[in-house]
Amino acid sequence: QVQLVESGGGLVQAGGSLRLSCAASGRTFSSYAMAWFRQAPGKEREFVVTITRSGGTYYADPVKGRFTISRDIRKNTVYLQMNSLKPEDTAVYYCAAGPGGGSRYYTEYDYWGQGTQVTVSS
């Protein structure tokens, strides 16, 4: 069983930065890809970025060049550094663990955190 706990969300002005953290239980990184998804009110859950079991990264086009995923294996924690935030980035951000090769489809992920709210004001 994998447990994921996100933190770091909050309210920020457009152009600002936030760093989200996802603390994972178990030997997560050796078995799973990790990903961030987000969901805005009234919208479907949207892929943001994934880091595969081998460390490869894949970003959704809207966040390329602004967001960076990283992981600290010793701390069993994944991070999402978000820069140049825009109001359209406002959403609940979820951390997920899933297939080792990564996927942009949320249905393929087995484990989810509770989510953390990110609000970007204009």
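**Student:** Can you help me understand the state of the cysteines in this one?
**Tutor:** Formally, a disulfide is one covalent bond, and it connects the sulfur atom of one cysteine to the sulfur atom of another. Summed over the entire model, instances satisfying the criterion amount to one disulfide. With a sulfur-sulfur separation of 2.1 Å, Cys22 is cross-linked through a disulfide to Cys95. One quick way to see it: the torsion about the S-S bond of Cys22 and Cys95 is about -75 degrees, and its sign makes the bridge left-handed. Taken as a pair, Cys22 in strand β3 (residues 18-24) and Cys95 in strand β9 (residues 91-98) lie far apart in primary sequence, 73 residues in all.

**Student:** So what exactly am I meant to see when it comes to unusual backbone geometry here?
**Tutor:** Generally, phi is negative for residues other than glycine and the peptide bonds are trans, each holding for most cases. The phi dihedral of Asn76 falls on the positive side, at around 55 degrees, and the residue is not glycine. Following the sequence through the fold, Asn76 ends up in the loop between β7 (67-72) and β8 (77-82). One non-glycine residue, Ser84, adopts positive backbone phi at about 50 degrees.

**Student:** Any chance you could explain the pattern of salt bridges here in plain terms?
**Tutor:** For side chains bearing opposite charge, pairing can occur when the charged atoms are close. For the structure on display, the rule yields four salt bridges. Ionic pairing is found between Glu46 and Arg38, a salt bridge with its closest N-O pair at 2.8 Å. Note on Arg38: relative accessible area 5%, which makes it buried. Ionic pairing is found between Lys64 and Asp61, a salt bridge with its closest N-O pair at 3.1 Å. Judged by its relative accessible area of 61%, Asp61 falls in the exposed class. Linked by salt bridges that have partners in common, Arg38, Glu46, Arg66 and Asp89 make up one network.

**Student:** Quick question: what am I supposed to make of the nonpolar core here?
**Tutor:** Soluble globular proteins: nonpolar side chains tend toward being buried together. Judged by nonpolar contacts, the single largest core of 35 residues is most densely connected at Leu4, Met34, Trp36, Leu80, Met82 and Tyr93. Looking at this core, the elements with two or more residues in it are β3, β4 (33-39), β5 (46-51), β7, β8, β9 and β11 (116-121). For this core, the leading source of residues is β9, giving five residues.

**Student:** Honestly, the sheet that holds β3 in this entry has me stumped. Any pointers?
**Tutor:** One open sheet accounts for four strands, arranged β1-β3-β8-β7; its pairing is antiparallel. Strands with a single pairing partner mark the edges of an open sheet, and in this sheet they are β1 (4-7) and β7. If you compare each strand with its neighbour and ignore which way they point, the axes differ by 15 degrees on average. Looking at chain direction, β3 and β8 are connected through six bridges and run antiparallel. By the bridge assignment for β8, Leu18 is matched with Met82.

**Student:** Would you take a moment to explain the environment of Pro87 for this structure?
**Tutor:** If you trace the backbone, Pro87 turns up in the loop between β8 and β9. Since its relative accessible area comes to 35%, Pro87 is described here as partly exposed. On a C-alpha basis, the gap between Pro87 and Ala14 in space is 6.3 Å, while along the polypeptide they are 73 residues apart. Not counting residues up to four positions away in its chain, the partners in contact with Pro87 are Ala14, Val120 and Ser122.

Reading guide: rules and limits
Residues numbered from 1 in each chain as written. Predicted model: local features only at pLDDT ≥ 70, side-chain atom pairs only at ≥ 80, totals over all residues. Heavy atoms only, no water. Disulfide = S-S within 2.5 Å. Helix = DSSP H or I, 4+ residues; strand = E, 2+ residues; numbered from the N terminus. Salt bridge = Lys/Arg side-chain N within 4 Å of Asp/Glu carboxyl O. Buried < 20%, exposed > 50% of the residue type's maximum accessible area, 1.4 Å probe, protein only. Core = buried A, V, L, I, M, F, W, Y, C linked by side-chain atoms within 4.5 Å. Pairing = 2+ DSSP bridges. Axes fitted to C-alpha atoms, helices over the stretch in contact; angles between N-to-C directions. Contact = heavy atoms within 4.5 Å.

By themselves, these observations are geometric and do not establish any function.
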